[in-house]
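Examining the three-dimensional arrangement
Chain by chain, the residues:
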Amino acid sequence: MSKLLEVIDMSISFKMYEKGFRQSYTQVINNLCIKVSRGEILAIVGSSGSGKSLLAHGILGLLPNNATMTGKILYEGKGLTEKRIEELRGKKIALVPQSVTYLDPLMRIAKQVRGNVKNEERIRKQKESFRRYDLCENSEKLFPYQLSGGMARRALICTAEQEDVDLIIADEPTPGLDIELAMKTLRYFRELADKGKGVLLITHDIDLALNVADNIAVFYAGTTVEITPVSDFLKGEEGLRHPYTKALFNAMPQNGFKAVKGYQPYYKDLPKGCLYSPRCTIAKEECSKSKIPMRQLRGGMVRCIYAT
Amino acid sequence: MLLEGKNLSFKYKNTDYLFENINISVESGEIVGLVAKSGYGKSTLSKILAGYETPTKGQVLLNGKKLPNKGYNPVQLIYQHPEKSINPRMKMRDVLLEAGPIDYDLIKAIGIEEDWLTRYPLELSGGELQRFSVARVLNEKTKFIIADEISTMLDVITQAQIWNVIIEFVNKRNIGLVAVTHNKHLAEKICNRIFYLEKENRG
């Protein structure tokens, strides 16, 4: 499988003002590495506020002005420069945004989905995707505020289907959708992947991700802590590598619903060594000494010294 | 106490009925799951139960009486989209103070750091904001909570954390809870019974 997207050592930091004109830089994403091949669905799961959406926005060049990004992004083997992403965005790389507030509140949704062009081909495509997601003809003329949460979500998904894209970045496409619709969306992503496209699926719903994805990348505090094939996740706790991933697994309602103590460190005072060490049950002195690199383990990757 | 919706029907202007003749009730100390497909009117029903929307037909009764339209509403709603339901111009501390004095032990249990209180909503992630909308309803004047898909945007650990806090609070204070959710496993785990809003109820 050829590589479609590769993110190498990405870091994103924000310039912020403290008191008066004093500025400070805070790093929110550190040394992040992921790759998506053609035909692959890579699911990204992880804690809220761990920078999953930032990654999506970073790839698409949609970061705000006060953000600085370092590291490399390769798309089809070539660097993704600002100019190049502008050409590809929306045509070859599509985003399903996270929040329904991304819809223009003053535009009827059908028009919004197909873009501001009158063209029979586009209209046909838009109607087709509306039908696929059970959005009835009447809803085409509605404004976003008239839609239910799930309907707005479906409209957002439709927008990503309008062009013949190679890479879909879906930032939590399923909240608000019932299981049937969520599965329909994900099956459609699977179809696209099987046709040789790549999908980057950012989600909280591990259950759903396990159904369609090939690999899962686990995020914590702005970095990847584990990349694992789905099959290992299905094996349960023993199959997994990083203690955080195990904690995620145990917190699922069907696996005990246990929450580990503490919370994700705030990006201003990140621990020096392993970012998870303050909450980790197997952490030892060594963990907090220096940054932990990713390493290969049992066909996956993990950022932990003691993982077996 | 008993919160009941009697023969509730609802339609938006110029549309068909979204649902008709719904009867739903929650007792104090009970956790009821509300499950339905997308677009079937779960959020609308939640708003009606909390008194934020008037049903086209039928009524909502709290212990046989109508909901008060002045003062603190004993039926509190937690919205699906926290970024839309919190005033973007208020600092988080003021958002919490609107509901009453801040219980620092409680906000800690929910996973809010004190440092967040001085920030504006735009400076927090969706999951972090949702903890605030949970914190502001967990209040001693609250008798019923309607939770409209509050945990879908949270990671599973935070989900477990927040639900455990809510459930503990609900049990301790004998509060009735309606939990709207799509997650079958979650509903089975936390609910005493599940109410399905189905096609037969629609006009």
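Structure: above.
To keep things clear, this report deals only with the structure shown in the data block. Here the structure is a predicted model, which is why all the values come from computation and not from measurement.

1. Notes on the overall build of chain A
The secondary structure content of chain A amounts to nine helices and twelve strands. Scaling as 2.2 N^0.38, a compact globule of 308 residues should have a C-alpha radius of gyration of about 19 Å, and chain A matches this with 20 Å. Considered along the principal axes of its C-alpha atoms, chain A spans approximately 65 × 50 × 40 Å. For chain A, the share of sequence-separated contacts (at least 6 apart) that also reach a separation of at least 24 residues comes to 66%. Counting 46 positive and 35 negative side-chain charges, chain A places the averaged centre of each group 4 Å from the other.

2. Regarding the overall build of chain B
A count of helices and strands for chain B gives seven helices and nine strands. On C-alpha atoms alone, chain B measures out to a radius of gyration of 17 Å, which is about the 17 Å that the 2.2 N^0.38 rule sets for 203 residues. Here the C-alpha coordinates of chain B stretch approximately 50 × 40 × 35 Å along the principal axes. The burial tally for chain B puts 56% of its 203 residues in the buried class. For chain B, long-range pairs separated by at least 24 residues make up 73% of all intrachain contacts whose partners lie at least 6 apart in sequence. Each charge class in chain B was averaged separately, 27 positive and 24 negative side chains, and the resulting centres sit 6 Å apart.

3. Comments concerning the packing of helix H9 (residues 243–251) of chain A against helix H6 (residues 156–173) of chain B
Closest axis-to-axis distance for the H9(A)/H6(B) pair is 8 Å, and the angle between their directions is 50°. As summarised for this structure, H9(A) and H6(B) are arranged oblique, according to the angle between their axes. Like other packed secondary-structure pairs, H9(A) and H6(B) cross with a definite hand, here left-handed. Touching Tyr244(A), Ala247(A), Leu248(A) and Ala251(A) of H9(A) are Val156(B), Ile157(B) and Ala160(B), all from H6(B). Here the contact of H9(A) with H6(B) is composed, by residue class, of seven nonpolar, no polar and no charged.

4. Overview of helix H1 (residues 42–49) of chain B
Residues and elements named next belong to chain B. For H1, a buried count of six out of eight residues is recorded, marking the element as mostly surrounded by other parts of the structure. Listed in full, the buried residues belonging to H1 are Lys42, Thr44, Leu45, Ser46, Ile48 and Leu49. Immediately beyond the C-terminal end of H1, within one or two residues, lies Gly51, with a positive phi of roughly 85°.

5. Quick look at the pattern of salt bridges
Taken as a whole and assessed by the stated rule, the structure comprises 19 salt bridges over all chains. For Asp194(A), the salt bridge identified is with Arg190(A), shortest N-O distance 3.2 Å. With Asp194(A) and Arg190(A) both in helix H6 (residues 179–194) and four residues apart, this pair spans about one turn of that helix. Given a relative accessible area of 18%, Arg190(A) falls into the buried group. One salt bridge in this structure joins Arg119(B) and Asp115(B), with 3.6 Å as the shortest N-O distance. Using a relative accessible area of 40% as the deciding quantity, one classes Asp115(B) as partly exposed. It is possible to trace a salt-bridge network through shared partners that takes in Glu121(A), Arg124(A), Glu128(A), Arg132(A) and Glu161(A).

6. Brief notes about the sheet that holds strand E5 (residues 78–79) of chain A
Residues and elements named next belong to chain A. As summarised here, the arrangement of the four strands in space is E2-E1-E4-E5, forming an open sheet in which the pairing is antiparallel. Among the strands making up the open sheet, the edge pair consists of strand E2 (23–37) and E5. Alignment of strand E4 (residues 67–75) against E5, held across two bridges, turns out to be antiparallel. Bridge pairing in E5 links Leu74 to Gly79. Against the sheet, helix H1 (residues 52–60) contacts strand E1 (3–17), E2 and E4, and its axis sits at roughly 105° relative to E1.

7. Some remarks on the pairing of strand E6 (residues 93–96) of chain A
Residue and element names in this part refer to chain A. Here E6 shows no split at all, with Ile93 and Leu95 on one side and Ala94 and Val96 on the other all buried. Bridge count for E6 against strand E7 (residues 167–171) is four bridges, and the pairing is parallel. Counterpart to Ala94 in the pairing with E7 is Ile168.

8. Considerations on the packing of aromatic side chains
Throughout the structure, instances matching the rule amount to nine aromatic pairs over all chains. Relative to Tyr244(A), the ring of Tyr220(A) lies with its centre 4.6 Å away and its plane at 50°, an arrangement referred to as tilted. On the criterion of sequence distance, the pair formed by Tyr220(A) in strand E9 (residues 215–220) and Tyr244(A) in helix H9 is long-range, its members being 24 residues apart. Measuring from centroid to centroid gives 6.5 Å for Tyr52(B) and Tyr79(B), while their planes differ by 25°, and the two rings are stacked. Here Tyr52(B), found in the loop between H1 and strand E4 (57–62), pairs with Tyr79(B), found in the loop between strand E6 (75–78) and helix H2 (82–85); they are 27 residues apart in sequence, far enough to count as distant. With a relative accessible area of 42%, Tyr52(B) lands in the partly exposed category. Through pairs of rings, three or more aromatic residues link up here, namely Tyr220(A), Tyr244(A) and Tyr276(A). One residue, Lys284(A), lies across the ring of Tyr306(A), its end atom 4.4 Å from the ring centre. For Lys11(B), the ring lying beneath its charged end belongs to Tyr17(B), and the centroid distance is 5.6 Å.

What counts, and where the lines are drawn
Residues numbered from 1 in each chain as written. Chains lettered and ligands numbered in written order. Predicted model: local features only at pLDDT ≥ 70, side-chain atom pairs only at ≥ 80, totals over all residues. Heavy atoms only, no water. Helix = DSSP H or I, 4+ residues; strand = E, 2+ residues; numbered from the N terminus. Rg over C-alpha atoms; globule rule 2.2 N^0.38 Å. Contact = heavy atoms within 4.5 Å. Lys, Arg positive; Asp, Glu negative; His and termini not counted. Charge placed at Lys NZ, Arg CZ, Asp CG, Glu CD. Buried < 20%, exposed > 50% of the residue type's maximum accessible area, 1.4 Å probe, protein only. Axes fitted to C-alpha atoms, helices over the stretch in contact; angles between N-to-C directions. Parallel < 35°, antiparallel > 145°, perpendicular 65-115°, else oblique. Left-handed = near helix turned anticlockwise from the far one by under 90°. Nonpolar A, V, L, I, M, F, W, Y, C, P; charged D, E, K, R; others polar. Salt bridge = Lys/Arg side-chain N within 4 Å of Asp/Glu carboxyl O. Pairing = 2+ DSSP bridges. Phe/Tyr/Trp six-rings, centres within 6.5 Å; stacked < 30°, edge-to-face > 60°. Lys NZ or Arg CZ within 6 Å of the ring centre and 35° of its normal.

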